[in-house]
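# Report on the structure
Given next are the chains, with one letter for each unit.
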Amino acid sequence: MKATNAGFCQVFVVFALHIMLLASCAQQSNDEPTAADVISARVQALSSNAMEGRETGTPGEANASAWIDSVFQTQGLIPRGDKGSLQAFQYKPHPPMQMHGHGDSASMGMALVQEINGNNVLYALPEKSNRWGIVGAHYDHLGYGDENSLFRGEPEIHNGADDNASGVAGMLALSERFAEKNNPKSMLFAAFSGEEKGLWGSNQFCKTPTIPLDSVDYMINFDMIGRLRGDTLAVYGTGTSPRWMELLETCNEEGFVFVPSESGVGPSDHTSFYLQDIPVLHFFTGQHPDYHKPSDTADKINNDGILRIVNFVERLINLLNAQEEWVFTATKDQDEESTPSFKVTLGVIPDYLFSGEGMRIDGVSENRPAALAGLIRGDIVTQIDTVNVTDMMSYMKALSLFQPGNESKVTVERGGQLEQVTVLWD
């Protein structure tokens, strides 16, 4: 891996921090670090300021990929990238279309937009068969706040502890465990970059795979598994194989309450594999007010929760690897025709783990319609004007009826009581 001397120094400092954190845990307990201690140390290392938010194409991403590479190496895994463990990809983002009557300014803008270079980090267990399983997690984040940031202050490091140092820590825990097993199936562990930009890294892998995709039986994705609340765990992709739900329940010694979603298409890297006809599962512990903000920090991570998920998925993979193959089924995905398009939003983060009737608010953005109308986290939207809101789809259909500048009466359930507010859409 090529890197600057400064980059190597940063990685050395973070790796030393990792060791010091583990030593501190061991000293406090007068024993070896627990599995949760190791997860905590890895989340802290990957979401430290030395990684500068891990934005794709930046020195922070290079520091993070070097650190992940070093952890995989200590586990004795085998590099499976294009060059060593790395798989490079290049993208040139599209600039916004601006027409001023002097030619195609979008085309001229493209010439000014610099190509972004990123790297996936890929490691495999020694090959045991011609059938493969993949466990993946994206390691990139928003740097100092890119176009996806929900923070409205001056540029500040977005450490991304939950999104997605938590998922990488979970994946590294699994790679460590399976490195010590006699596995009947070959396994690839993939740390993807470019997910926040549009699944760039996982798309690149599926276009130029370093293992034969027609030999892959499953792909398991961890993205934001660091905020487990109670026993509720979201699992996406349950319809991509006819036996997923049966297997999930068989392995559920942890007592999880699953919130399943059948679709193989969603805003994370499992989508790239589903589109290659590979059965997928994506694990997720829910949105929160710190999503895509500098406040997504390691002190808020439920490390024991990550460990519960790792224990559960380890059992699941053990059973998967005992199968000769795992059957794929296509799902009824919400395409452009069935998903309403809309020009307005409330400016809220929905609670995707909510299984009741309505749309529960899990976060409110400042100075947006919901905040200005007095809506708060925990409110459950039940009606917008004359449209009853029973779930996310009916909520989006309601939004499609309005234009910026319109006013609506929004009914919410708060503390068991119904309240109505006036919302000015922007």
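Cut-offs applied
Residues numbered from 1 in each chain as written. Predicted model: local features only at pLDDT ≥ 70, side-chain atom pairs only at ≥ 80, totals over all residues. Heavy atoms only, no water. Helix = DSSP H or I, 4+ residues; strand = E, 2+ residues; numbered from the N terminus. Buried < 20%, exposed > 50% of the residue type's maximum accessible area, 1.4 Å probe, protein only. Areas by Shrake-Rupley, 256 points an atom, 1.4 Å probe, with all protein chains shown as cover. Salt bridge = Lys/Arg side-chain N within 4 Å of Asp/Glu carboxyl O. Phe/Tyr/Trp six-rings, centres within 6.5 Å; stacked < 30°, edge-to-face > 60°. Lys NZ or Arg CZ within 6 Å of the ring centre and 35° of its normal. Axes fitted to C-alpha atoms, helices over the stretch in contact; angles between N-to-C directions. Parallel < 35°, antiparallel > 145°, perpendicular 65-115°, else oblique. Left-handed = near helix turned anticlockwise from the far one by under 90°. Contact = heavy atoms within 4.5 Å. Nonpolar A, V, L, I, M, F, W, Y, C, P; charged D, E, K, R; others polar. Core = buried A, V, L, I, M, F, W, Y, C linked by side-chain atoms within 4.5 Å. pLDDT = per-residue confidence, 0-100. Pairing = 2+ DSSP bridges.

The subject of this paragraph is the overall build of the protein chain. Scanning the protein chain for helices and strands turns up 12 helices and 15 strands. Per-residue burial over the protein chain gives 53% buried out of 426 residues. Of the roughly 19,100 Å² that the protein chain leaves accessible, carbon and sulfur atoms contribute 51%.

A few words on the pattern of salt bridges. Where charged atoms of side chains with opposite charge meet at close range, the side chains can pair. Going through the model one piece at a time under the given rule, you end up with 22 salt bridges. Between Asp290 and Arg227 there is a salt bridge whose closest N-O contact spans 2.9 Å. Here Asp290, found in the loop between strand E9 (280-284) and helix H10 (303-321), pairs with Arg227, found in the loop between strand E6 (216-222) and strand E7 (232-236); they are 63 residues apart in sequence, far enough to count as distant. We classify Arg227 as buried; its relative accessible area is 13%.

This brings us to the packing of aromatic side chains. Taken as a whole and assessed by the stated rule, the structure comprises 15 aromatic pairs. The ring centre of Phe178 lies 5.3 Å from the NZ or CZ of Lys181, which sits over that ring.

Before going further, it helps to spend a moment on the packing of helix H2 (residues 35-46) against helix H5 (residues 161-179). It is at 9 Å that the axes of H2 and H5 come closest, and there the two elements cross at 135 degrees. As the angle between them shows, H2 and H5 are arranged oblique. Between H2 and H5 lies a crossing of right-handed hand. Contact residues: Ala35, Ile39, Arg42, Val43 and Leu46 in H2; Ala161, Ala165, Ser166, Val168, Ala169, Leu172, Ala173, Glu176 and Arg177 in H5. Grouping the amino acids of the contact of H2 with H5 by side-chain chemistry returns 10 nonpolar, 1 polar and 3 charged.

Core analysis: the largest hydrophobic core is formed by 57 residues, its most contacted members being Phe189, Phe222, Phe283, Leu316 and Ile317. Discounting chain neighbours no more than four positions away, the residues touching Phe189 are Phe72, Leu77, Val121, Leu122, Tyr123, Leu125, Val135, Met171, Leu174, Ser175 and Phe178. Core analysis: the next-biggest nonpolar cluster, separate from the first, contains 22 residues, Met396, Phe402, Val423 and Trp425 among them.

Put simply, the protein chain has an average pLDDT of 87, and 86% of its residues get 70 or more. Predicted confidence is poor over residues 96-110, with pLDDT under 50, and the contacts of this stretch with residues over four places away or in other chains come to 14 contacts.

Our focus in this paragraph is the pairing of strand E12 (residues 380-384). The element E12 is largely enclosed, with a buried count of 4 among its 5 residues. Note: strand E11 (residues 359-364) against E12, 2 bridges, orientation antiparallel. Among the inter-strand pairings, Met359 is bridged to a residue of E12, identified as Val381. For E12 and strand E14 (residues 407-414), the ladder comprises 4 bridges, and the chain directions are antiparallel. Within the sheet, the bridge partner assigned to Ile380 lies in E14 and is Glu413. Examined bridge by bridge, E12 and strand E13 (residues 387-388) share 2 bridges and lie antiparallel to one another. In the strand pairing of E13, Gln383 is matched with Asn388. Connecting E12 to the next strand, E13, in antiparallel fashion are 2 residues, including Asp385 with a positive phi near 55 degrees.

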